Amino acid sequence: MASTKRAGIKGAKGKGTSVKGKGTKGKGHAAGMKLDLITFEVMRNAFVAACYEASNTIERIAYHPVIGMGRDRSNALLTPDGRLVAHGHTDAAAHYASFEPSVQELMKDIPMDTMRPGDTYLFSDPYRTGSHVNDVRMIRPIFFGAEIVAFACTVIHWADMGGPMPGTFNPEATSCYAEGIRIPPIRLFVNDELNEELFSLIEINIRGAVERRADLRAQFEASRLIDRRVKELCQRYGRKTLALAFEEQFNYSERLMLAELAELPDGEWEFEDFGDQDVMAEGKPPIRVHCKLTKKGTSLSFDWTDSDPQPRASWGGSRAVLIGGNYLGFMICFPQLFPLNHGIIRNLEVKSKPGTCVHVEFPTPTTGYCSGAFDKVEAVTIACLAGPMGKVQPWRVYPASVSLTNLCMGGFNPRTKKPFVQYTYAVGGENARTFKDGKSLIFMRFCNARTIPQELEERWFPVVFNAYEARMDSCGHGLRRGGFGLVREMTVLTDVTMTIHGDREKFTPFGFAGGLNGGGSMLIINKGTKRELNAGMYATGIELKAGDRIFYSSAGGGGFGNPLEREPELVRVDVMDEWLSAEAARDYYGVVIDVVDAEACDYRIDHEATKKLRARLSKKGFPEGTGAHQVHPLGKLIVPDWVPTEEEVAPHITVSRPPGW
């Protein structure tokens, strides 16, 4: 079993100057630029707009709710040699790093000189493209005349890709052959016509093939839209200007990035996080993800080679998953550089070792990558960056956030008289910030993910929601508390096969600077009855009967700072709003609240009792550990040089936050 005891965060070797209110926006804007600024700005924004418009197209056309309302989709524009130019504002962050390898691996199998206008390719192989088989990529070469001038790449999560479990998620898989069909690069559309013979091979191996056909059409139309937008730019500005604008986009982002990095102190920092368990290994040990960050000048190097060996069960991810989580963690700390493109990618060094949990090799299973390796890589990246960021921009220091958890159910819908596959993911709560509490009930770090309305799920699937609300006391308590998890309690109206593929039940989202870890994820069947079953986060193929109830809750975000230093009035308001119980207010914040009249919202702080209780709790301290509502042993060492106020932070946030973030 991997040990959870490691050295703490290393302090910076070089001391940086604390800089307040200094940014790099506009620095070097036109340095060395070969394109006039107006044309550059028009084209730079046109690239993102095309991807964003394509994403909205998918949202309107796609069939399954997880793609439409849930936004599990992305679109990208790439150069003819497969370098990322842009993606949409609200695209899935877990897809970002898959764009470049998808196009580059496609060209290894299918030479560019064999591609023709109207060709569109399908590709889904986690070892080559990243993520998992459910994330199906459609890649379209964009021609202007006889020349390929760009590629469009669209990605959506197909609700089912076959395999033994409805929804394809399979926590107990020990190889990719138990996780659904992998698709090598195939030319699925020729002259914009679907190759029915090829699609029938996929169709016969997946559930809900009629739905998937509709989702496929949404992807195809999105890729055609990007195609049209690029052709319009070529007609207006010429293909040479388009190619030049691609390069200037990279150079511009690179200049901004290097200027930002120049402001940070040099040094080395380390952090680690854990997956709950390798569910198919003897003893079910936790899975350790470790990173060492080295900052020197404007160079950043992330070394993940000391992470645990690849697990036996489905939890880890390919190298593309690693760099995707790494890129997302970086972009969360530098949102002013949005969108991600090759100018940023080429300046980040990501080291990994094949055969580790963050760089798995064929045929290790991968469907659980997003709640597993990807989530931990993202969280550890942010924790490592907290070292240098805490000295100059402490508002960019973030504890851990909610982890994705994937709930799938399949069966026969008595209302529609057809089989169904329901895929629902958990969202909320987000991490605390150094200057403000965390967001509840939403999923900001993935940029795209929205909570699917219960009315929509009830319309599509044989379920009825009994509760859809915040989970009281689930936050990571602190000076700034984390966000609260979302509880969905539902009754199934027919017999179903259920699988949950998640994490963060045992190793919950960590806090910083004395803030407590958030509450853990949970899934309980028939809660409060004699048939109660704690299914955990790795339940596979559970057979439920009509009338069974599911209690499904996400984790709470990690807290920041000692909860005993939180303003008592803020605690009172949380109790009054039923985010916190009076017991949690007393046990974690040391605030004694008298409930005089709950209906009249008459809640009063006993200041004298609060003062005595806080003194007693301060002397006692909170227990250390990696579980719910404990002080994380490494997280407590991450303390920024100063705690900014919300007013101090406001100018930086309004300048740097892009749409959708």
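Placed above this text is the structure.
Let's shift gears to the packing of aromatic side chains. In the structure shown here, the tally under the stated rule is 19 aromatic pairs. Their ring planes at 90° and their centres at 4.7 Å tell us that Tyr-63 and Trp-460 sit as a pair that is edge-to-face. You can see Tyr-63 sitting in the loop between helix H1 (37-61) and helix H2 (65-68) and its partner Trp-460 sitting in helix H11 (residues 454-460), a full 397 residues away along the chain. With a relative accessible area of 24%, Trp-460 lands in the partly exposed category. Ring centres of Tyr-127 and Phe-362 lie 5.5 Å apart, and the angle between their planes is 85°; on these two criteria the pair is classed as edge-to-face. Of this pair, Tyr-127 sits in helix H4 (residues 126-129) while Phe-362 sits in the loop between strand S11 (348-351) and helix H10 (370-392), placing them 235 residues apart in sequence.

Mapped onto the fold, Arg-471 is located in the loop between strand S14 (463-470) and strand S15 (486-492). Of the side chains with opposite charge, Asp-473 lies nearest to the buried Arg-471, which makes no salt bridge, at 8.7 Å. Beyond its immediate chain neighbours, meaning those up to four positions away, Arg-471 contacts Phe-484, Gly-485, Val-487, Gly-519, Gly-520, Met-522, Ser-553 and Ser-554.

On to the sheet that holds strand S8 (residues 267-275), then. As summarised here, the arrangement of the 4 strands in space is S8-S9-S10-S11, forming an open sheet in which the pairing is mixed. Looking at strand neighbours, the two that pair on one side only are S8 and S11, the edges of this open sheet. Each strand axis lies, on average, 15° off the axis of its neighbour in the sheet, ignoring direction. Bridge count between S8 and strand S9 (residues 287-296): 9 bridges; the pairing is antiparallel. What sits directly across from Glu-272, in S9, is His-290. Contacting strand S10 (299-303) and S11, helix H8 (residues 319-333) crosses the sheet at an angle of about 135° to S11.

As a volume, the second largest pocket reaches approximately 450 Å³. Around the second largest pocket, the lining is made up of 20 residues, and of these Tyr-63, Glu-211, Lys-418, Pro-419 and Phe-420 lie nearest the centre. Those elements giving two or more residues to the lining of the second largest pocket turn out to be helix H6 (209-237), strand S12 (406-413), strand S13 (418-425) and H11. Class assignment of the residues belonging to the lining of the second largest pocket gives a composition of 9 nonpolar, 5 polar and 6 charged.

What follows concerns the sheet that holds S14. Read from one edge of the open sheet, 5 strands run S14-S15-S20-S17-S18, paired in antiparallel fashion. Among the strands making up the open sheet, the edge pair consists of S14 and strand S18 (533-534). Sheet topology note: the strand S17 (residues 522-525)/S18 ladder contains 2 bridges and is antiparallel. Bridged to Ile-525 within S18 is Leu-533.

Once that is clear, we can look at the pattern of salt bridges. The full count for this structure, using the stated rule, is 46 salt bridges. For Arg-213, the salt bridge identified is with Glu-203, shortest N-O distance 3.2 Å. Taken together, the residues Arg-213 in helix H6 and Glu-203 in helix H5 (residues 196-203) connect sequence positions 10 residues apart. Where Glu-272 meets Arg-288, a salt bridge forms, and the shortest distance between an N and an O atom there is 2.7 Å. Of this pair, Glu-272 sits in strand S8 while Arg-288 sits in strand S9; the two residues are 16 residues apart in sequence, bridging distant segments of the chain.

Reading guide: rules and limits
- Residues numbered from 1 in each chain as written.
- Predicted model: local features only at pLDDT ≥ 70, side-chain atom pairs only at ≥ 80, totals over all residues.
- Heavy atoms only, no water.
- Phe/Tyr/Trp six-rings, centres within 6.5 Å; stacked < 30°, edge-to-face > 60°.
- Helix = DSSP H or I, 4+ residues; strand = E, 2+ residues; numbered from the N terminus.
- Buried < 20%, exposed > 50% of the residue type's maximum accessible area, 1.4 Å probe, protein only.
- Lys, Arg positive; Asp, Glu negative; His and termini not counted.
- Salt bridge = Lys/Arg side-chain N within 4 Å of Asp/Glu carboxyl O.
- Contact = heavy atoms within 4.5 Å.
- Pairing = 2+ DSSP bridges.
- Axes fitted to C-alpha atoms, helices over the stretch in contact; angles between N-to-C directions.
- 1 Å grid on protein atoms, 1.4 Å probe; cavity = no way out; pocket = protein on both sides within 12 Å on 5 of 7 lines; lining within 4 Å.
- Points joined across faces, edges and corners; volume = space filled by probe spheres on them.
- Nonpolar A, V, L, I, M, F, W, Y, C, P; charged D, E, K, R; others polar.

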